[in-house]
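Residue strings, one per chain:
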Amino acid sequence: MHDAEFHLWMTWLEIALAVVTCVALLVINAPYGRHVRRGWGPQIPSRIGWIVMEFPAVGVFVWFYAQGELRWDLVPLALLSLWQVHYIHRTFIFPFRLRTKGKSMPALIAAMAVGFNILNAYVNATWLSHFAGYDVSWLWDPRFIIGVSIFAAGFWINITSDQILINLRKPGETGYKIPKGGLFRVVSCPNYLGEIIEWTGFAIATWALPGLAFALYTAANVGPRALANHRWYRERFENYPAERKALIPFVL
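Residues numbered from 1 in each chain as written. Predicted model: local features only at pLDDT ≥ 70, side-chain atom pairs only at ≥ 80, totals over all residues. Heavy atoms only, no water.

Chemist: Help me understand the packing of aromatic side chains in this model?
Modeler: For any pair of aromatic rings, the description rests on two quantities: the centre-to-centre distance and the angle between the ring planes. Per the stated rule, a full pass over the model turns up 22 aromatic pairs. Pairing Trp-63 with Phe-64 gives two aromatic rings, centres 5.3 Å apart and planes at 70 degrees, and the pair type is edge-to-face. You can call Phe-64 buried: its relative accessible area is 17%. Ring centres 5.5 Å apart and planes at 35 degrees place the aromatic pair Trp-83 and Tyr-87 in the tilted group. Of this pair, Trp-83 and Tyr-87 both sit in helix α3 (residues 74–97), 4 residues apart, which is roughly one turn of the helix. Cluster of aromatic residues (ring-pair linked, three or more members): Phe-61, Trp-83, Tyr-87, Phe-116, Phe-151, Trp-199, Phe-202, Phe-214 and Tyr-217. (Phe/Tyr/Trp six-rings, centres within 6.5 Å; stacked < 30°, edge-to-face > 60°. Buried < 20%, exposed > 50% of the residue type's maximum accessible area, 1.4 Å probe, protein only. Helix = DSSP H or I, 4+ residues; strand = E, 2+ residues; numbered from the N terminus.)

Below you can see the structure in the form of structure tokens.
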């Protein structure tokens, strides 16, 4: 099978996985974080799990990208930079800011994430450096400018929302509290909303099926998670703000 044809099949596989993942997560809460529970096999420390499962999005992505003849073109380099800004933070900064002492996650969840991140790295990195062929004029195309702006807004929402969650507990404290401030005023999971916005922006900036595939998968993965978290907050806290939605302000 020709490489371009194989790449297209892998892209459609990612879109299919988005559908399967969304349906599965609407039925079963992924057992990590506040939903962690036994019965999912061996456990590993949460911080190690985060690093292991996110690393392919940094290292494997760069490896696939480096194989392409277009790797030194300006537009692929710019899009590579956006990708790495998110995932270097997610892999090497975010896990060390979490208060994860004594917390664990199933090794199976980390392994599944590794598998997806390898597929996603292949689909998007290979597109950028092998097949895309962007002219340098794409850097001032409205789709690229709008996409990058949306990506930046989503990244800001994501990291500032994570900061609010991290600051909920003082050193030595355990348990959960109602998050307040920022977009938590209107939704329970603005960190997930930020991720969806980020990769929607990336999809617009690439204007290509691989970017769209990842945007769809992101929404399919974190959308049901946001709904589950919202239900958890409302069940746990009697005084949880009634007007607060799960993911989309004033809508959902």
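Chemist: How should I be thinking about the packing of helix α2 (residues 46–66) against α3 in this particular structure?
Modeler: Two quantities define a packed helix pair, namely the angle between the helix axes and the distance between the axes. Closest axis-to-axis distance for the α2/α3 pair is 8 Å, and the angle between their directions is 160 degrees. One way to sum up the angle between α2 and α3 is to call them roughly antiparallel. Taken as a pair, α2 and α3 cross one another with a handedness that is left-handed. A class-by-class count of the residues in the contact of α2 with α3 yields 18 nonpolar, 2 polar and 3 charged. (Axes fitted to C-alpha atoms, helices over the stretch in contact; angles between N-to-C directions. Parallel < 35°, antiparallel > 145°, perpendicular 65-115°, else oblique. Left-handed = near helix turned anticlockwise from the far one by under 90°. Nonpolar A, V, L, I, M, F, W, Y, C, P; charged D, E, K, R; others polar.)

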